[in-house]
Amino acid sequence: MYLIGADYLLLCNEDFSIIKNGGIYFNENEILEIDTYENLQNKPAKSQKYYQNCVITPALTNLHIHLEFSQNEGSLKFGNFGKWLDSVIENRESLMDSSLQLQMQNTIQTLLQSGVGFVGAISSYGYDLEALANSPLRVLYFNEAIGSKVEALDMLYQNLLARLQDSQQFSSHHFFPALAIHSPYSVHSKMLQKVLNLAKTQSLPLSVHFLESKEEREWLETKKGYFQGFFERFFHTKMQPFYTISDFLNSFRGLKPYFVHCLEATYKDLEMIAKMQGKIISCPKSNRLLNNKILDLNLCKQSQIHPIFATDGKSSNDSLSLLDELRTALYAYMDYDLESLAKDLLLGVTYYAHKDNPLGIKAGSLKKGFLPDFAVFKTKAKEQLALMLLLYTKKAEALYIGGKQII
Ligand code: MCF
Ligand code: FE
């Protein structure tokens, strides 16, 4: 058993409760008790540590990354979704060259340094499997399904199954295999059905990029625009969209998926997501770079959805620091009350990142019975703690995962 404490514990529950001079008593598996440090000091403990001028939060969660794209720094075009996607197709092989493993290790360090203890990683190829499975991070590992050409679907599905099985060899309480549908424009309805069945029969969490760009919405609604040319140029065929927006959404019923981006979603779309208890993951810096806007938080509020915040990959971000991401969002959402926005952002990488999660993982709050994963941040503040944390903190002072100190 161990005891740590700090000037403030941000419990990251729905009420944003704070304990002054708080302590956390824990073992490797779970939090045993939370109280004032003083009240816990007489408990038997292998070690006791009090962090002065610090706050402790649950370890942060970055639920949408693409570690395999860690090498991008200038190869991919930003500012227009079509230009970006063209540049991905043209550059993706060179981004996966022999120095990728080293770059992925650097990115994992950035994640840990920013206080992240849990990631949701979209894996397009499986190149990131060992780097993630052997890292200290807890990982929701989303094996990505993609495929629009009917002739290639069998081969692509077999490849997905092989990647899923490889990842399942690493299953543990640190590593959770899962599935991802790339997007409605890139996944054929036959492939979608197979992957949805797989997710259902094996109870696997599911993630999907959804309505990230104006081009995507235009394609699904009018069968015209950028994607018409995209399929002609890269696949040499005339294509039709595989779904309407509502048919696509309806096929996910019963699964509680993570919908990533939803920038071009209407109130009606969000209502359907809320109804199926789906989650929304928002990546503000990526969204600004690829689609020149950020998620409408008022629309989310109307649909009673609390967004989860994440960085996306270096394919559409300059860094995977979650602290950077939240600080940027703090400046970008100008019309929102600063202090309550800061709390919502912090809860979006803690409490809401795990609330009602499909695997029943108890994470994201400082609470008895929850995982002993903590981030410690230096602060001089005594009030407005969430805001000051996001504003001033560039790195975690310490990070614990599974009760062990990683940083
Ligand atoms: O999230 C960003 C933007 N939206 C979609 N896809 C990706 C992102 N970063 C990397 N990707 C990957 C995606 O997983 O790029 C490929 C897929 O493998 C694009 S489709 C050829
Ligand atoms: Fe993404």
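The structure presented is a predicted model; accordingly, all values stated were derived computationally and were not measured.

1. Quick notes on the environment of Ala363
Following the sequence through the fold, Ala363 ends up in the loop between helix H15 (351–354) and strand S13 (374–378). Given a relative accessible area of 12%, Ala363 falls into the buried group. In sequence terms Ala363 and Gln169 are 194 residues apart; their C-alpha atoms lie 23 Å from each other. If we skip the residues at most four places from it in the chain, Ala363 touches His354, Phe370 and Leu371.

2. Side note on the packing of helix H11 (residues 284–291) against helix H13 (residues 322–332)
H13 packs onto H11 with a crossing angle of 65° between their chain directions and a minimal axis gap of 8 Å. By the angle class used here, H11 and H13 are roughly perpendicular. Taken together, the residues of H13 that come into contact with H11 (itself represented by Pro284, Lys285 and Ser286) are Asp324, Glu325, Thr328 and Ala329. Its residues assigned to classes, the contact of H11 with H13 comprises two nonpolar, two polar and three charged.

3. Considerations on the side chain of Asp86
Mapped onto the secondary structure, Asp86 falls in helix H2 (residues 81–95). A relative accessible area of 15% means that Asp86 is categorised as buried. Those residues in contact with Asp86 that sit more than four places away from it in its chain are Tyr226, Phe230, Arg233 and Phe234.

4. A word on H13
Taken residue by residue, H13 has Leu322, Leu323, Glu325, Leu326, Arg327, Ala329 and Leu330 as its buried positions. Capping the start of H13 is the job of one residue whose side-chain oxygen sits 3.4 Å from the backbone nitrogen of Leu323: Ser321.

5. Here we look at the pattern of salt bridges
Summed over the entire model, instances satisfying the criterion amount to 13 salt bridges. One salt bridge connects Asp86 with Arg233, and the closest N-O pair in it is separated by 3.2 Å. Of the two residues, Asp86 is situated in helix H2 and Arg233 in helix H8 (residues 226–235); the sequence distance between them amounts to 147 residues. Judged by relative accessible area, Arg233 falls into the partly exposed class, the value being 42%. Put simply, Arg327 and Asp324 hold a salt bridge, and the shortest N to O gap is 2.9 Å. Here Arg327 pairs with Asp324, and both are found in helix H13, just three residues apart, close to one helical turn. We classify Arg327 as buried; its relative accessible area is 11%. If you follow the salt bridges from partner to partner, you end up with Lys285, Asp318, Asp324 and Arg327 in one network.

Scoring rules and cut-offs
- Residue indices begin from 1 for each chain and proceed along its sequence in written order.
- Naming scheme: in the order in which they are written, chains are lettered from A and ligands are numbered from 1.
- Owing to the predicted nature of the model, reporting of local features is limited to residues with pLDDT of at least 70; listing and counting of side-chain atom pairs is limited to 80 or more, with chain, interface and lining totals taken over all residues.
- Excluded from the side-chain calculations are hydrogens and water; all other atoms, namely the structure's heavy atoms, are used.
- Helix numbers and strand numbers start at the N terminus; a helix is a DSSP run of H or I with at least 4 residues, a strand a run of E with at least 2.
- Burial classes follow relative accessibility: with a 1.4 Å probe on protein chains only, a residue under 20% of its type's maximum area counts as buried, one over 50% as exposed, and anything between as partly exposed.
- It only takes one pair of heavy atoms within 4.5 Å for two residues to be counted as in contact.
- With axes taken as lines fitted to C-alpha atoms, and helix axes fitted only over the stretch in contact, angles between N-to-C directions fall between 0 and 180 degrees.
- Put simply, angles under 35 degrees are roughly parallel, angles over 145 are roughly antiparallel, angles from 65 to 115 are roughly perpendicular, and the rest are oblique.
- Gly counts as polar in this scheme, as do all residues outside two lists: the nonpolar Ala, Val, Leu, Ile, Met, Phe, Trp, Tyr, Cys and Pro, and the charged Asp, Glu, Lys and Arg.
- Pairs of N or O atoms are called polar contacts if they sit within 3.5 Å, as long as, within protein, a hydrogen donor faces a hydrogen acceptor (for residues adjacent in sequence, only side-chain-to-side-chain pairs).
- Any Lys or Arg side-chain nitrogen found within 4 Å of a carboxyl oxygen on Asp or Glu counts as a salt bridge.

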